[in-house]
Amino acid sequence: MQILVTGNLGYIGSVLTEKLQKLNYDVTGWDIGYFESCLISQYLNLKKQIRKDLRKVDETDIKNFDVIIHLAGLSNDPLGEFMPELTDQINYSATMKLALLAKKNGVKRFIFASSQSMYGISNTELELDEDNSKKEPITAYAKTKWKAEQELMRLADDNFCVVALRPSTVFGPSPRFRSDIVYNNLIGCAFTTKKIEIWSDGSPWRPVIHVDDVCSAFISCLIAPSKDINKEAFNVGAPGGNYTVRDLALAAKECSPESELVFLNKLGKDERTYKINFDKISTVLKEFKPKWDLIHGGNQLIDFFKKINFSEEDFRGKKTIRLKQLSYLKDKNICNNNLEL
């Protein structure tokens, strides 16, 4: 099976491609390279790597692939707000161009990394399901993901299987680790400063999932029968995987008991809060069996940080904060105002 993974030089992509190689899949990576230098641990480079702006994809790039796993994009809400018009170009327009060319050129399966951010601010007495819950995207990132997902489903047919995965907020080690996502941030802060800084009052709800388990969901979509997943979206998370930010902070405290909890109460623009239902993925994707919980995953992160001598400079710097890296590339004229390298 010939697999193209876009965004393979990112946080999830760096982990997923290593797993695919170990499973003996024939993997090609595609990445513009914004975060290629953001390595904090060893990465097994792919033998076949395309370095190209996704907005410039053409037919010659995607011939002979059976499956595309599409991770590439400006990858969270703060990044999306960095340049909303470019977020639309990259996360929506380029995605649709890629999918249309994929269908035209005989790609059989298109696995799209969507987002739970599309649920926005919701009634947290209810767990939101994929098909019946209201979508209220409030950021540029969330809006582009929801728009692309809807358009992709319209492309699907018996010869072009489209499935969308909506991961919970991811945590866990990666060669291109991110400290700008919630549980990684709390554990990283504990390890490097002996403080656990909670920016909100701790009340917002956040579903979270380990990066290995997210990769398991993508791999499950490679082998699942097309009839089970075509034109379907799946919330990706573990049963019981909804936590308040306070819950996450207390788990980080358990993993780093010498650390102090500090509530900063600076919620800012990110007012998302939602609880997610994961019944569908656990019922349909039989191979998807999440293995990691907060404590085991948090302790794994602490061990990872010790092994690589993770510093406060790493934690607060551009290597692990995506918005800082993009700002650096712009400030140094490494990329232009359209984020073209």
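Above: the structure in question.
Model, not experiment: these values are computed from the prediction.

Conventions used here
Residues numbered from 1 in each chain as written. Predicted model: local features only at pLDDT ≥ 70, side-chain atom pairs only at ≥ 80, totals over all residues. Heavy atoms only, no water. Phe/Tyr/Trp six-rings, centres within 6.5 Å; stacked < 30°, edge-to-face > 60°. Helix = DSSP H or I, 4+ residues; strand = E, 2+ residues; numbered from the N terminus. Buried < 20%, exposed > 50% of the residue type's maximum accessible area, 1.4 Å probe, protein only. Polar contact = N/O pair within 3.5 Å; in protein donor to acceptor, adjacent residues only side chain to side chain. Axes fitted to C-alpha atoms, helices over the stretch in contact; angles between N-to-C directions. Parallel < 35°, antiparallel > 145°, perpendicular 65-115°, else oblique. Left-handed = near helix turned anticlockwise from the far one by under 90°. Contact = heavy atoms within 4.5 Å. Nonpolar A, V, L, I, M, F, W, Y, C, P; charged D, E, K, R; others polar. Pairing = 2+ DSSP bridges.

Caption draft 1: Spotlight on the packing of aromatic side chains. Inspection of the entire model under this criterion finds 11 aromatic pairs. Judged by centre distance (6.2 Å) and plane angle (50°), the rings of Phe-110 and Phe-160 are tilted. Remark: Phe-160 occurs in the loop between α4 (140–155) and β7 (161–167) and Phe-110 occurs in strand β5 (residues 109–113); sequence separation between them is 50 residues. A residue is classified by how much of its surface remains accessible, and Phe-110, at 0% relative accessible area, is buried. Look at Phe-177 and Phe-305: their rings are 5.4 Å apart centre to centre, the planes differ by 80°, and that puts the pair in the edge-to-face class. Taken together, the positions of Phe-177 in the loop between β8 (169–171) and α5 (182–193) and Phe-305 in helix α10 (residues 294–308) put the pair 128 residues apart, joining distant regions of the chain. In this structure an aromatic cluster arises from ring pairing among Tyr-11, Phe-177, Phe-191, Phe-304, Phe-305 and Phe-310.

Caption draft 2: Structural view of the side chain of Ser-14. Note on placement: Ser-14 falls in helix α1 (residues 11–22). Judged by its relative accessible area of 0%, Ser-14 falls in the buried class. Polar contacts involving the side chain of Ser-14 include one to the main-chain carbonyl oxygen of Gly-10, which spans 2.7 Å. In terms of polar contacts, Ser-14 uses its side chain to reach the side chain of Arg-176, at 2.9 Å.

Caption draft 3: Focus on the packing of helix α8 (residues 245–255) against α10. Viewed as axis vectors pointing N to C, α8 and α10 meet at an angle of 55°, and their least axial separation amounts to 9 Å. It follows that α8 is oblique to α10 by the angle criterion. α8 and α10 meet at a crossing whose hand is right-handed. Here Leu-248, Ala-251, Glu-254 and Cys-255 of α8 come into contact with α10, specifically with Leu-294, Ile-295, Gly-298, Asn-299 and Ile-302. Within the contact of α8 with α10, the residues separate by chemical class into 6 nonpolar, 2 polar and 1 charged.

Caption draft 4: Geometry of the sheet that holds strand β1 (residues 2–6). Taken in spatial order, the 7 strands of this open sheet run β3-β2-β1-β4-β5-β7-β11, and their pairing is parallel. What marks the edges here is a single partner per strand, and that holds for β3 (48–50) and β11 (232–236). On average, each strand axis in the sheet is tilted by 20° relative to the strand beside it, whichever way the strands run. Running at roughly 165° to β5, helix α3 (residues 84–104) makes contact with β1, β4 (67–70) and β5 of the sheet.

Caption draft 5: Here's a closer look at the packing of α5 against α8. Contact pair α5 / α8: the axes reach a minimum separation of 9 Å and the direction vectors enclose 35°. In the packing of α5 onto α8, the handedness of the crossing is right-handed. Contacts between α5 and α8 pair Val-182, Tyr-183, Leu-186 and Ile-187 from the former with Val-245, Leu-248, Ala-249, Ala-251, Ala-252 and Cys-255 from the latter. In terms of residue class, the contact of α5 with α8 is made up of 10 nonpolar, no polar and no charged.

Caption draft 6: Structural view of the environment of Phe-65. Among the secondary structure elements, Phe-65 is positioned in the loop between β3 and β4. In this structure the C-alpha to C-alpha distance between Phe-65 and Gly-106, which are 41 residues apart in sequence, comes to 7.8 Å. In contact with Phe-65, not counting residues within four places along its chain, are Gln-2, Ile-3, Leu-4, Thr-28, Gly-106 and Val-107.

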